[in-house]
Amino acid sequence: MSTPHVVVVMGVAGTGKTTIGPLLAAELGVPYAEGDDFHPAANIAKMSAGTPLDDSDRWPWLDAIGQWAHGRAGLGGVVSSSALKRVYRDRLRAEAPGAVFLHLTGDRALIEERMAERKGHFMPTALLDSQFATLQPLQEDEAGVSVDVSGTPEEITQRAVAALRRLES
Ligand SMILES: Nc1ncnc2c1ncn2[C@@H]1O[C@H](COP(=O)(O)OP(=O)(O)OP(=O)(O)O)[C@@H](O)[C@H]1O
Ligand SMILES: [Mg+2]
């Protein structure tokens, strides 16, 4: 049997990381950790005020996520982290070299529509533009898969499971 994956669910705000992450984890029979929960309080305050984080805010957050992922090495796990830039993913891999990325991709209009319906969340819709401007998709040498987020959460999860399985073979 192959070693269970440690999956980092990545993508822009509103793409469905928090929705798909737990479904994927349940499907794989592994724990899920919410990337947002690893933010220091100062980061949450900044985002609540509509101020984008800068990279110095992100390093401790990414290190904490990477440490969780490393702790799941060989056991399997799913954690969300937008991981928009290659350097953020490099930082995560520095802690968790075996991590694979699941990039949830979708067109701007669909994601904006879903975000507009979302309530009680600290990420204002206005940050979506900067999210897309910052996004650097997975590169050839990065272990991972990209999955489109059209359809229901269950459909997306099945798509992700199938893509991750193909990654194994
Ligand atoms: N497949 C889907 N169909 C319909 N609505 C969805 C789908 N996936 C997610 N949503 C809804 O879209 C909104 C954004 O999803 P979610 O919060 O999971 O995104 P996220 O990537 O975790 O965002 P953030 O980066 O801001 O944490 C939520 O209100 C969620 O319920
Ligand atoms: Mg989320």
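See the structure shown above.
Note that the coordinates shown come from a computational prediction; the quantities given were computed from them, not determined experimentally. (Residues numbered from 1 in each chain as written. Chains lettered and ligands numbered in written order. Predicted model: local features only at pLDDT ≥ 70, side-chain atom pairs only at ≥ 80, totals over all residues. Heavy atoms only, no water.)

**Student:** I would appreciate a short explanation of the site of ligand 1 in the present structure.
**Tutor:** Taken together, the neighbourhood of ligand 1 is formed by 17 residues, with Gly14, Lys17, Thr18, Thr19 and Arg118 sitting nearest. Arg114 places a polar side-chain atom, nitrogen or oxygen, 3.4 Å from a nitrogen atom of ligand 1. About the coverage of ligand 1: the protein hides 80% of its 630 Å² of free accessible area. Counting residues per element, the ones that place at least two in the shell around ligand 1 are helix H1 (17-28) and helix H7 (153-168). Counting residues per element, the shell around ligand 1 draws most heavily on H1, which supplies three residues. Residues of the shell around ligand 1, tallied by class, amount to five nonpolar, eight polar and four charged. (Near = heavy atom within 4 Å. Polar contact = N/O pair within 3.5 Å; in protein donor to acceptor, adjacent residues only side chain to side chain. Areas by Shrake-Rupley, 256 points an atom, 1.4 Å probe, with all protein chains shown as cover. Helix = DSSP H or I, 4+ residues; strand = E, 2+ residues; numbered from the N terminus. Nonpolar A, V, L, I, M, F, W, Y, C, P; charged D, E, K, R; others polar.)

**Student:** Can you walk me through the pattern of salt bridges in this structure?
**Tutor:** It is possible for side chains bearing opposite charge to pair when their charged atoms get close. Summed over the entire model, instances satisfying the criterion amount to 13 salt bridges. Counted as one network, the salt bridges with shared partners bring together Arg86, Arg89, Asp90, Arg93, Asp141 and Glu142. (Salt bridge = Lys/Arg side-chain N within 4 Å of Asp/Glu carboxyl O.)

**Student:** Would you mind going over the environment of Glu142 with me for this structure?
**Tutor:** Tracing the backbone through its elements, the reader meets Glu142 in the loop between helix H6 (128-134) and strand S5 (144-148). The class for Glu142 is buried, based on a relative accessible area of 6%. For the pair Glu142 and Phe101, spaced 41 residues apart in sequence, the C-alpha separation works out to 8.0 Å. Not counting residues up to four positions away in its chain, the partners in contact with Glu142 are Arg86, Arg89, Arg93 and Pro137. In this structure the side chain of Glu142 is engaged in a polar contact, spanning 2.7 Å, whose partner is the side chain of Arg93. (Buried < 20%, exposed > 50% of the residue type's maximum accessible area, 1.4 Å probe, protein only. Contact = heavy atoms within 4.5 Å.)

**Student:** In this structure, what is going on with the pairing of S5? I would like to understand it.
**Tutor:** Strand residues, when the strand is regular, have side chains that alternate between the two faces of the sheet. Side chains Val145 and Val147 project from S5 onto a buried face, and the interleaved Gly144, Ser146 and Asp148 project onto a face without burial. In terms of strand pairing, strand S4 (residues 100-105) meets S5 through five bridges, oriented parallel. Opposite Leu102, over in S5, you have Val145 as the bridge partner. (Pairing = 2+ DSSP bridges.)

All quantities given are derived from atomic positions and should not be read as evidence of function.
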